[in-house]
Amino acid sequence: MSHLAETIQIRNTMFKNRIIKGAMSEALANTAGQPNSLHLGLYEAWAKGGLGCAITGNVMVDLRAKNEPGVVGIESDRDIEKLKQWAEVGKRYGMVQLVQLSHPGRQCPKGLNKETVAPSAVPFSPSLALSFGTPRELHEDEILDIIQRFAKAAQICEQAGFEGIQLHGAHGYLISQFLSPLTNKRQDQWGGNIENRMRFLVQIYQAVRAATSDNFIVSVKLNSADFQRGGITEEEVISVFKAMDEAGIDMIEISGGTYEAPAMAGSKADKRKPSTIAREAYFLSFAELIRSQVKCHLMVTGGFRTVVAMNAALDSGACDFIGIARPFAVETDLANRLLAGQDVRYGVDKIKTGIPMIDKMAIMEIIWYAAQFKAIAQGKRPNPKLSPLKVFFKYLKGNLTAVIKGQVNSRKSA
Ligand SMILES: Cc1cc2nc3c(=O)[nH]c(=O)nc-3n(C[C@H](O)[C@H](O)[C@H](O)COP(=O)(O)O)c2cc1C
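Residues numbered from 1 in each chain as written. Predicted model: local features only at pLDDT ≥ 70, side-chain atom pairs only at ≥ 80, totals over all residues. Heavy atoms only, no water.

**A closer look at a positive patch on the surface**
Among the surface-exposed residues, K374, K380, K390, K394 and K397 lie close enough to one another that they form a single positively charged patch. Within the element layout of this structure, K380 appears in the loop between α14 (363-377) and α15 (388-413). For K380, a relative accessible area of 52% translates into the label exposed. (Patch = residues over 30% accessible without salt bridge, like charges linked within 9 Å, V, L, I, M, F, W, Y side chains within 5 Å. Areas by Shrake-Rupley, 256 points an atom, 1.4 Å probe, with all protein chains shown as cover. Salt bridge = Lys/Arg side-chain N within 4 Å of Asp/Glu carboxyl O. Lys, Arg positive; Asp, Glu negative; His and termini not counted. Charge placed at Lys NZ, Arg CZ, Asp CG, Glu CD. Helix = DSSP H or I, 4+ residues; strand = E, 2+ residues; numbered from the N terminus. Buried < 20%, exposed > 50% of the residue type's maximum accessible area, 1.4 Å probe, protein only.)

**Examining the site of the ligand**
With respect to spatial proximity, 19 residues lie near the ligand, and among them A23, Q100, R305, A325 and R326 are the closest. Backbone polar atom of A23 to an oxygen atom of the ligand: 2.6 Å apart, as the coordinates give it. Burial of the ligand by the protein amounts to 90% of the accessible area it has alone, namely 610 Å². Of the residues in the shell around the ligand, the class split is six nonpolar, 10 polar and three charged. (Near = heavy atom within 4 Å. Polar contact = N/O pair within 3.5 Å; in protein donor to acceptor, adjacent residues only side chain to side chain. Nonpolar A, V, L, I, M, F, W, Y, C, P; charged D, E, K, R; others polar.)

**Concerning the packing of helix α1 (residues 37-48) against α14**
Packing of α1 against α14 brings their axes to within 7 Å, and their N-to-C directions diverge by 85°. Between α1 and α14, the interaxial angle falls into the category roughly perpendicular. On α14, the residues that touch L38, G41, L42, A45 and W46 of α1 are F373, I376 and A377. Here the residues of the contact of α1 with α14 sort into seven nonpolar, one polar and no charged. (Axes fitted to C-alpha atoms, helices over the stretch in contact; angles between N-to-C directions. Parallel < 35°, antiparallel > 145°, perpendicular 65-115°, else oblique. Contact = heavy atoms within 4.5 Å.)

**Comments concerning the domain arrangement of the protein**
On domain assignment, one finds that the protein holds domain 1 (3-349) and domain 2 (355-414). Distance from the C-alpha centre of domain 1 to the C-alpha centre of domain 2: 26 Å. In this complex, domain 1 contributes 22 residues to the contact, which on the side of domain 2 involves 15 residues. Regarding the contact of domain 1 and domain 2, the summed buried area is about 1,400 Å², with carbon and sulfur atoms giving 79% of it. Of all residues in domain 1, L38, A329 and V330 bury the most surface against domain 2, accounting for 31% of the area lost on that side. Run the count over domain 1 and domain 2 and you get zero salt bridges. In this structure, the connection of domain 1 to domain 2 is made through zero residue pairs in polar contact (both at pLDDT 80 or more). Grouping the amino acids of the side of domain 1 that touches domain 2 by side-chain chemistry returns 14 nonpolar, three polar and five charged. (Domains from an automatic or database assignment. Buried area = accessible area lost by both parts, 1.4 Å probe.)

**Digging into helix α11 (residues 307-315)**
Among the residues of α11, V307, A309, M310, N311, A313 and L314 are the ones counted as buried. Among the structural elements, α10 (284-291), β13 (321-324) and α12 (334-339) are those in contact with the buried residues of α11. Phi turns positive one or two residues past the end of α11, at G317, with a value near 85°.

**Description of the pattern of salt bridges**
Counted under the stated rule, the structure contains 25 salt bridges. For the salt bridge of R149 with E75, the shortest nitrogen-to-oxygen distance reads 3.2 Å. Highlighted residues: R149 in helix α4 (residues 140-160) and E75 in the loop between β5 (59-60) and α2 (80-93), separated in sequence by 74 residues.

**What about the pairing of strand β12 (residues 297-301)?**
In terms of burial, β12 is largely enclosed, as four of its five residues are buried. Of the strand pairs in this sheet, strand β11 (residues 251-255) and β12 are connected by four bridges, and their pairing is parallel. Counted as the bridge partner of I252 is L298 from β12. In terms of strand pairing, β12 meets β13 through three bridges, oriented parallel. Its bridge partner being in β13, T301 is matched across the sheet by G323. Crossover handedness for the path β12 to α11 to β13: right-handed. (Pairing = 2+ DSSP bridges. Right-handed = clockwise from strand over helix to strand, strands pointing away.)

**Things to note about the packing of aromatic side chains**
Under the definition given, this model contains 15 aromatic pairs. Measuring from ring centre to ring centre gives 5.1 Å for W368 and Y369, while their planes differ by 80°; the resulting arrangement is edge-to-face. What makes Y369 buried here is its relative accessible area of 8%. One aromatic cluster is present, formed by Y43, W46, W86, F162, W368, Y369 and F373 through successive ring pairs. Sitting over the ring of W46, K21 keeps its end group 4.7 Å from the ring centre. (Phe/Tyr/Trp six-rings, centres within 6.5 Å; stacked < 30°, edge-to-face > 60°. Lys NZ or Arg CZ within 6 Å of the ring centre and 35° of its normal.)

**Notes on the pairing of β13**
The two faces of β13 match: F321 and G323 on one face and I322 and I324 on the other face are all buried. Inspection of the sheet shows strand β3 (residues 19-21) paired to β13 by three bridges, in the parallel sense. Paired with I19 across the bridge in β13 is I322.

**Observations concerning α2**
An α-helical turn contains 3.6 residues, so any two residues separated by three or four positions project in the same direction. Compared with the 20 Å implied by 1.5 Å per residue over 14 residues, the 21 Å span of α2 between its first and last C-alpha is a close match. Listed as buried for α2 are I80, L83, W86, A87, V89 and G90. On its buried face, α2 is in contact with α1, β6 (96-102) and α4. Looking one or two places after α2, you find G94, whose phi comes out positive at around 70°. (Expected span 1.5 Å × (residues − 1).)

Here it is, written out as C-alpha cells:
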C-alpha cells in the first residue's frame, strides 16, 4: 500500500491520508477581508478530490496589515457564521482544515495599507524597494497586541469548528522577520540572540494554546533557511525547531526563503545536487537532519510531483506529511489521483507574460492563481494553460472600470 494512503492521528483528529494542500492565498475576499461562498466552493472542490487536509491561504490577524488584496482577516467573531460553513465543508468529506494565521510585517506592497510595521526599520533590496516600502519599527505594546491577535483568531477558528491552525512563521513574514538577524536589529528582549528573536513566536504559541482547547491542533510553518547571506544560521533554525517541539507544537511544516530570496518556489533551491533534484522536494535534506532531534510531526512542502518521490520521503521517515501547493490550483482531484498511483500532471512553474516590466510585478502570480481559484469556486474547470497576459489585461480592465465608476459616482454626488 502507498504510504500516502496511511491514516494518522494528531490529538483527537484523524487524518485519512498523508496528503496536505499547502497554504495558498486565495485572494477571493472583499476589501473588508470577509470569507464568502467562493471560499466554500473552492474548499469543497478540494475536499471532494480526496485531500486528507487543507491548510488555508494565509489569514490576517490584523486587517491593517494585509499582504495582498483579497485576503481573509479574522479579528473578531464578525464572520463566525461563514467560518462555520467553511469548517463544515471539510467535515462533510473528512478533510481536516488548518487555518493559516499570519501577519506579513514588512512584506506588504506599497499603497495597500496605511503603514507597514516590522521588528526593525530595514529597507528592501533595491530590486524590491519599488514595490515594498521601508517599515516602521514596532513598539513593545504593539508586539504584545499582535501576540494576542493570533490567540484571538485561533480561538475564533476553534469556535467555528476548524480542527486547528498553522502559524505562518516562514517566507519572510512577521514571525520569520523576528527570527532573522537581517530583519531584526532590535536591542530589547525581542532582538539580539536567538532566544530573544524566537520570543515572539514562542509567546504567540503559548497565547494560542492558552486560548484554545487540548483537542485543537497547533502547527507552524518554518523556514529551514532564509537563503540570504547573514540570515538565520542552521544552528539557530535547529534551536527554534527544538524549542517549538519542547513547547508542544503538533506539527512543523518545513519550507524556506523570503520575498527577497524565494526558495519556497524552488528558484534558489534549484542549485541543488542532481541526487537531491531526483528526490524533488526542495527541503527534504533539512527534514532528514531535524527528524531525529524533534518528536513532533513533520511536513515537507515544495517541489513534490511524483508518487515515487512522495512515498520515498514518507518511507525514509524524514516526514509524516507531504505538502503540495501549486498543482492543486489546476487539479482539484489531485489527491485521489496520487492515491491511485498517478503523478502530478501540471507542475505549474513561474507565471510569466514574457513582458519583463509586468513579470516583475508581485501581483502577476497572485492574479493568475486567483483566476484559477475563482473558476474552481464557481464549479468551472481550472485551466493550466490560462494565458498570464490575458489574466493581466482582465485585471487592468477591472481596475480601470472601478476607477472610472468611482470618478463618475463622485462627480454625481458632488
Ligand atoms: C498563489 C500562491 C499563494 C501562496 N500563498 C501562501 C500562503 O498564504 N502561505 C504560505 O505559507 N505559503 C504560500 N504559498 C507557498 C506554498 O504554500 C508552497 O510553500 C510553495 O508553493 C511550494 O510548494 P509547491 O512546489 O508544491 O507549489 C503560496 C504559493 C502560491 C503559488
